[in-house]
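# Residue-level structure breakdown
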Amino acid sequence: TPQPRLLPSTAPLPAPFTVPLPLPEVARPYRTDGTADHYELVQRAAEVEILPGLRTPVWGYGGSFPGPTIEARSGRETVVRVSNGLGVPTVTHLHGGRTPPESDGYPTDLVRPGARKDYTFPLDQRAATLWYHDHRMDYTGQQVWRGLAGFFLVRDDEEDALPLPEGERDVPLMVCDRSFAEDGSMPYPGLADRPGVREAYMGGVLGDVILVNGAPWPELRVERARYRFRLLNGSNARPYEFALAPGGTIVQIGGDGGLLAAPRRLRRVRLAPGERADVVVDFSAYRAGDLVELRNLAGEGPQGRVMRFAVGGDARDDSAIPETLSRIERLDPAKAAVTRDFAFTGGSLHGGTGWLVNDRPFDTRRVEARPRLGDTEIWRLTSDVAHPVHLHLAHFQVLSVNGERPAGPPEWKDTVELREVQTVEIITRFTGYRGRYVMHCHNLEHEDMAMMANFEVV
Ligand code: C2O
Ligand code: CU
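Along each chain, residues carry numbers from 1 onward, in the same order as the chain's sequence is written. Chain A is the first chain written and ligand 1 is the first ligand written, with later ones labelled in order. With pLDDT at 70 or above as the cut-off, local features in this predicted model cover only qualifying residues; side-chain atom pairs require 80 or more to be listed or tallied, and sums for whole chains, interfaces and linings still use all residues. Think of the side-chain values as coming from all heavy atoms in the structure, minus any hydrogens and water.

## As for the overall build of the chain
Secondary structure is summarised from DSSP: a helix means a run of H or I of at least four residues, a strand means a run of E of at least two, and numbering begins at the N terminus for each. Looking only at helices and strands, one finds 4 helices and 34 strands in the chain. With the radius of gyration taken over C-alpha atoms, the globule rule is written as 2.2 Å times the number of residues to the power 0.38. A compact globule built from 458 residues would reach a C-alpha radius of gyration of about 23 Å, and the chain, at 21 Å, matches this within 12%. Overall size of the chain, expressed as C-alpha extent along the three principal axes, is 60 × 50 × 50 Å. Every one of the 458 residues in the chain was classed for burial, and the buried ones make up 60%. By definition, residues are in contact when any of their heavy atoms lie within 4.5 Å. Excluding contacts between residues fewer than 6 apart, the proportion of contacts in the chain whose partners are at least 24 apart in sequence is 78%. All accessible-area figures derive from a Shrake-Rupley calculation using a 1.4 Å probe, and residue coverage is judged against the displayed protein chains alone. Accessible area of the chain: about 17,500 Å², with a carbon and sulfur share of 48%. A distance of 1 Å separates the average location of the 53 positive side-chain charges in the chain from that of its 62 negative side-chain charges. Any residue under 20% of the maximum accessible area for its type is buried, any over 50% is exposed, and the rest in between are partly exposed; the area is computed with a 1.4 Å probe on protein chains only. Counted as positive: Lys and Arg. Counted as negative: Asp and Glu. His and the chain ends are not counted at all. A charged residue contributes its charge at one atom only: NZ of Lys, CZ of Arg, CG of Asp or CD of Glu.

Laid out in structure tokens, this is it:
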């Protein structure tokens, strides 16, 4: 079975060193009026210093990697004007957004070099940690690898009413792996334009340095207080399993679709590409002067320290983690109008190999499912090797994994990791908009190798 393949760095990688954790800049609206907040993100090529002394070319929203964080409010229309200052077409998708089809970033809905597009997000959805990233057909892996991704946070009154850590103690962490050439650039195998390269990277592309907010092994100074971290796996193909060292509890309070029903106390948090976990760490469990590491325990290549926290002194902390976070309606399988099957497997694509849904490569003209607006449906997803499956528009609940119902209350998700040879049943209700959307594997190389399917809400 094809495993993701490490693209080894040829730049001399320093031993883990310490830089301060960068925080993506918060975007400011250029206009705000009675009906909407308007932002502009200009996609630009830029050079940034990621490894000491080396200049790394990136493609960034606003010229930065990660792009600026958009902080939006539930129910408040947010319009993001994306101006393409790059030499290639782009597409922008709000991952986790309940978005009308014309603003959803359909893979062939290109913004050409020099052109721009207003993406309109009504944000008729609850508070959650979302992200935006490139979604150009056949090139998503490459364009995200070069830096086209950023946070999009939605807040609402329900969440604001809870005493969760906020302000400087609410920290977004985008985790993604990259590799570096001697000149500092982040090479990418060029799967779309270089025939023959594809087979070697069937499993996906891994890097050998794990970055947090675009920096290797960063450090955050913290006080002895609770912090909320919005963990996002923005990697092309690498899953993570995060744990604290020397030990400690991570309290998960939210997932892809916002707050959980109740907090989960964990030793490890697993995140497949595209997934998010909002977690709280209480640093008063440590002593001033402690260095607490966030480690990755999963996968090929780099394990160990991803970043670390330098614990400082005591501080006033009014935050708490309520035992009830949110009310989440459990979708009822008895109400499902239909059960549909989707197999995520390898197969043949244009005479070579690729990744397919129900044995067919992605075709913009073919619609695999036509759910009716308002209907509840069960989708049974099966895998050969691991595939993190993402649905646009519809948030869902996991009904079963290999026939077993997950423990605990239901949770809203938009991405679910199918492990090797699994059957995962999800249940969703199609509300919001009619139109054509995609479901695809969020291993971005698998997505680019055609593991994507259209559904149309009618
Ligand atoms: Cu985050 Cu269709 O993708
Ligand atoms: Cu996949």
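From this point, the discussion proceeds with the structure in view.
## Re the pairing of strand β17 (residues 226-233)
Across the 8 residues that make up β17, a large majority, 7, are buried. By the convention used here, strands pair only if DSSP detects at least 2 bridges between them. Pairing between strand β12 (residues 170-178) and β17: 6 bridges, direction parallel. Its bridge partner being in β17, Val171 is matched across the sheet by Phe229. Bridge count for β17 against strand β22 (residues 276-282) is 7 bridges, and the pairing is antiparallel. What sits directly across from Arg230, in β22, is Asp278.

## Comments concerning the coordination of the copper ion (ligand 2)
Binding of the copper ion (ligand 2) to the protein goes through His387 (ND1), Cys441 (SG) and His446 (ND1), at separations of 2.0 to 2.1 Å. Each metal site is built from N, O and S donor atoms within 2.8 Å (3.2 Å for Na, K and Ca), and since water is not included, such sites may look incomplete. Taken in chain order, the donor set of the copper ion (ligand 2) reads H-x53-C-x4-H. Of the two residues, His387 is situated in strand β29 (residues 387-391) and His446 in helix α4 (residues 444-448); the sequence distance between them amounts to 59 residues. Judged by relative accessible area, His446 falls into the buried class, the value being 1%.

## A short note on the sheet that holds strand β21 (residues 269-271)
An order of β2-β16-β24-β23-β18-β21 is seen for the 6 strands of this open sheet, with the pairing classed as mixed. A strand with exactly one partner marks an edge of an open sheet, and here the two such strands are β2 (19-20) and β21. As paired elements, strand β23 (residues 291-296) and strand β24 (residues 304-314) share 6 bridges and run antiparallel to each other. Looking across to β24, one finds that Leu294 is bridged to Met307.

## Section: the pairing of β22
Two faces, one strand: in a regular strand the side chains alternate between the faces of the sheet. Most of β22 sits inside the fold, with 6 of its 7 residues counted as buried. Where strand β19 (residues 250-255) lies against β22, 3 bridges are found, and the strand directions are antiparallel. Along β22, the bridge assignment pairs Gly254 with Asp278.

## Some details on the domain arrangement of the chain
Domain limits in this description derive from either an automatic procedure or a database domain assignment. When the domains of the chain are assigned, the result is domain 1 (5-156), domain 2 (167-314) and domain 3 (333-457). Of note, the centres of domain 1 and domain 2, computed from C-alpha atoms alone, are 18 Å apart. Tallying the contact residues gives 48 residues for domain 1 and 56 residues for domain 2. Overall, the association of domain 1 and domain 2 removes approximately 4,500 Å² of surface from exposure, summing both partners, and the carbon and sulfur fraction of that is 63%. By definition, the buried area sums, over both parts, the 1.4 Å-probe accessible area that each loses when the two are put together.

## A short note on the environment of Gln422
Turning to its location among the elements, Gln422 is positioned in the loop between β31 (415-418) and β32 (423-429). What makes Gln422 buried here is its relative accessible area of 13%. When near neighbours in sequence (up to four residues on either side) are disregarded, Gln422 contacts Leu381, Thr382, Ser383, Val401, Asn402 and Glu417. Of the polar contacts made by the side chain of Gln422, one reaches the backbone nitrogen of Arg419; its length is 2.9 Å. Any pair of N or O atoms that falls within 3.5 Å is considered a polar contact. Within protein, one atom must be able to donate a hydrogen and the other to accept it, and sequence-neighbouring residues count only if both atoms are side-chain atoms.

## With respect to the layout of surface pockets
In this approach a probe as big as a water molecule rolls over the atoms, and the regions it shows empty are the leftover space. Lining residues are defined by having an atom within 4 Å of a point belonging to a cavity or pocket. Those points lie on a 1 Å grid over the protein atoms alone, cavities being sets where a 1.4 Å probe fits but cannot get out and pockets being open sets with protein on both sides within 12 Å along at least five of seven lines. Grid points are joined across faces, edges and corners, and a volume is the space filled by probe spheres set on the points. Estimated volume of the largest pocket: approximately 900 Å³. If you trace the largest pocket, you find 34 residues lining it, with Arg264, Val398, Pro406, Glu411 and Lys413 closest to the centre. Here the second largest pocket is characterised by a volume of approximately 430 Å³. Forming the boundary of the second largest pocket are 22 residues, of which Gln3, Pro4, Pro239, Arg270 and Ala386 lie nearest the centre. Residues of the lining of the second largest pocket, tallied by class, amount to 11 nonpolar, 5 polar and 6 charged. Ten residue types, Ala, Val, Leu, Ile, Met, Phe, Trp, Tyr, Cys and Pro, are classed as nonpolar, four, Asp, Glu, Lys and Arg, as charged, and the remainder, Gly among them, as polar.

## So, unusual backbone geometry
Across the junction of Phe65 and Pro66, the peptide omega takes the value -5°, indicating a cis bond. Considering the arrangement of structural elements, one finds Pro66 in the loop between β5 (55-61) and β6 (67-73). In this model, Ala245 is joined to Pro246 through a cis peptide bond whose omega is 5°. Along the chain, the position of Pro246 falls in the loop between β18 (240-245) and β19. Unlike most non-glycine residues, Trp217 shows phi in positive territory, near 45°.

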